[in-house]
Amino acid sequence: MSLVRSIGDVVGFLLLSLIAILESIVKSFIPVKYKMKNISGEIALVTGGGGGLGRLLSLRLADLGAVVVVWDINSSGIEETVKLVQAAGGTCYGYVCDLCDRQDVYKKAQVLREEVGKVSILINNAGVVSGRPFLDTPDELIIRTMDVNVMSHFWTVKAFLPGMIEENKGHIVSIASLAGHVGIPKLVDYCTSKFAAVGFDEGLRMELEHAGYNIQTTVICPYFIRSTGMFDDVQSRFVPTLSSNEVAERVITAMRCNEKYAILPSYLQCALLLKWVFPWSCVAMFLRGLVMDASPANKPANIVNVPEVANVLSKDQPGSSIHHQLTRRVSSSERKP
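Quick summary incoming for the structure in this document.

Here is what the cut-offs are and how they apply
Residues numbered from 1 in each chain as written. Predicted model: local features only at pLDDT ≥ 70, side-chain atom pairs only at ≥ 80, totals over all residues. Heavy atoms only, no water. Helix = DSSP H or I, 4+ residues; strand = E, 2+ residues; numbered from the N terminus. Buried < 20%, exposed > 50% of the residue type's maximum accessible area, 1.4 Å probe, protein only. Contact = heavy atoms within 4.5 Å. Areas by Shrake-Rupley, 256 points an atom, 1.4 Å probe, with all protein chains shown as cover. Salt bridge = Lys/Arg side-chain N within 4 Å of Asp/Glu carboxyl O. Pairing = 2+ DSSP bridges. Right-handed = clockwise from strand over helix to strand, strands pointing away. Phe/Tyr/Trp six-rings, centres within 6.5 Å; stacked < 30°, edge-to-face > 60°. Lys NZ or Arg CZ within 6 Å of the ring centre and 35° of its normal. Patch = residues over 30% accessible without salt bridge, like charges linked within 9 Å, V, L, I, M, F, W, Y side chains within 5 Å. Axes fitted to C-alpha atoms, helices over the stretch in contact; angles between N-to-C directions. Core = buried A, V, L, I, M, F, W, Y, C linked by side-chain atoms within 4.5 Å.

**Section: the overall build of the protein**
- From N to C terminus, the protein includes eleven helices and nine strands.
- The buried share of the protein, reckoned over its 337 residues, is 48%.
- Once local pairs closer than 6 in sequence are excluded, the contacts in the protein between residues at least 24 apart make up 72%.
- When the accessible surface of the protein is split by element, carbon and sulfur atoms take 60% of a total near 17100 Å².

This is the structure:
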């Protein structure tokens, strides 16, 4: 009976897969404007919304009728975003929130629920990068990269997912990177954090689907973005760097169409498949030729050993002056220190 059941499972899987493929092909011919959902009246939270990509996302969400909430460590950036959204006729609220501190995330989430309402769209946009060779990267910068680019996703989703489950409705967007699929020199900590962001999105999506919830997730993996203060000086060949506006537009479209993932530019999706087909030497040669230097401003320096700084940043001393200085630099969008 187990053999018969196994054969039945395989046949069932193949039939359902065929149906899914055909459905996907049919959907590809439907104009995008007919696939987009209405988000008017939804409460959308954008982390790192005090500038850069986060600000552009906030403006687009407000233009579509969403009530926008901006979180950032930069109070002046928050004020600017709120003013711009309101000047454009939208509704926007801003809160200073340290995404490195999960207790502050939970506290501000409670304030948001009381003052604005339940968040139904969560865009985890905030991010940072050190852009240094691995052994030249101080421990505290590695910790900061992981806290902002990965761990903050855990805290924001834990804070707002229960409300989405109660309504059986919601959308969680993770701004990752193509560096979440391939390794790049000087971006070891950044690549690690973005690989983790991609894995977080997929694991969460699988769990939500398994539980039967109607909550969508989307992960965005763009190439290097200009004008975010992070990769403005990157030395890229063959593939042009992206403008913040085109990335913001693609993020909103992917979210409204319930896309599971979006790679920018889209043709690099095919290139990623080749990573698992060609020998590693070919892949490495291609990546070195594509990205000559991800961070020209940060040249290799003498190896720095800073165990005393790492100790100061331990969980036992979250209020240290060094921790305060670091969190102050977690800015509106992805920035270099």
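**Examining the pattern of salt bridges**
- Evaluated as defined, the whole model comprises nine salt bridges.
- Across the pair Asp104 and Lys108 runs a salt bridge whose closest N-O atoms are separated by 3.1 Å. One end of the pair, Asp104, and the other, Lys108, are both in helix α4 (residues 102-115), four residues apart, so they sit about a helical turn from each other. Lys108 shares its class with Asp104; the two are buried.
- Lys118 is the partner of Glu166 in a salt bridge, and the nearest nitrogen-oxygen pair spans 2.5 Å. Highlighted residues: Glu166 in helix α5 (residues 139-167) and Lys118 in the loop between α4 and β4 (121-124), separated in sequence by 48 residues.
- Counted as one network, the salt bridges with shared partners bring together Lys118, Glu166 and Glu167.

**Structural notes on the pairing of strand β5 (residues 170-175)**
- The buried count for β5 comes to six of six residues, which makes it a mostly enclosed element.
- Side chains Gly170, Ile172 and Ser174 of β5 all project onto a buried face; the interleaved residues His171, Val173 and Ile175 project onto the opposite face, where all are buried too.
- With four bridges connecting them, β4 and β5 associate as parallel partners. Each residue of the ladder has a partner; that of Asn124, found in β5, is Ser174.
- Crossover β4 to β5 through α5 is right-handed.
- Bridge count for β5 against strand β6 (residues 215-222) is six bridges, and the pairing is parallel. The partner of Gly170 across the bridge, within β6, is Ile215.

**What to know about the packing of aromatic side chains**
- Per the counting criterion, the structure on display carries four aromatic pairs.
- Plain terms: the ring middles of Phe154 and Phe200 are 4.8 Å apart, the flat faces sit at 55 degrees to each other, and that makes the pair tilted. Remark: Phe200 occurs in helix α6 (residues 188-211) and Phe154 occurs in helix α5; sequence separation between them is 46 residues.
- A relative accessible area of 13% means that Phe200 is categorised as buried.
- Among the aromatic residues, those joined into a cluster by ring pairs are Phe154, Trp155 and Phe200.
- Between Arg102 and the ring centre of Trp155, over which it is positioned, the NZ or CZ distance is 5.7 Å.

**Some thoughts on a nonpolar patch on the surface**
- On the surface, Leu18, Ile21, Leu22, Ile25 and Phe29 cluster together into a nonpolar patch covering about 540 Å² of accessible area.
- Looking at the element boundaries, Ile25 is found in helix α1 (residues 2-28).
- Relative accessible area serves as the criterion here: at 42%, Ile25 is assigned to the partly exposed category.

**Some remarks on the sheet that holds β4**
- With parallel pairing, seven strands are arranged side by side in an open sheet as β3-β2-β1-β4-β5-β6-β8. Both outer strands of the open sheet, β3 (91-96) and β8 (261-264), are each paired with one neighbouring strand and no more. Strand-to-strand twist of the sheet, defined as the mean angle between neighbouring strand axes without regard to direction, takes the value 15 degrees.
- The sheet strands contacting α6 are β5 and β6, and the helix crosses β6 at an angle near 160 degrees.

**Regarding the nonpolar core**
- Residues Leu61, Leu187 and Tyr223 are the most contacted members of the largest nonpolar core, which totals 57 residues.
- Here this core takes six residues from helix α7 (residues 244-256), the largest share from any one element.
- Leave out the neighbours within four places in its chain, and Tyr223 touches Leu178, Ser236, Val239, Pro240, Thr241, Leu242, Leu264, Pro265, Leu268, Leu290 and Val291.
- Ranked by size, the runner-up nonpolar core spans 28 residues in total, among them Cys100, Ala159, Phe200 and Ile215.

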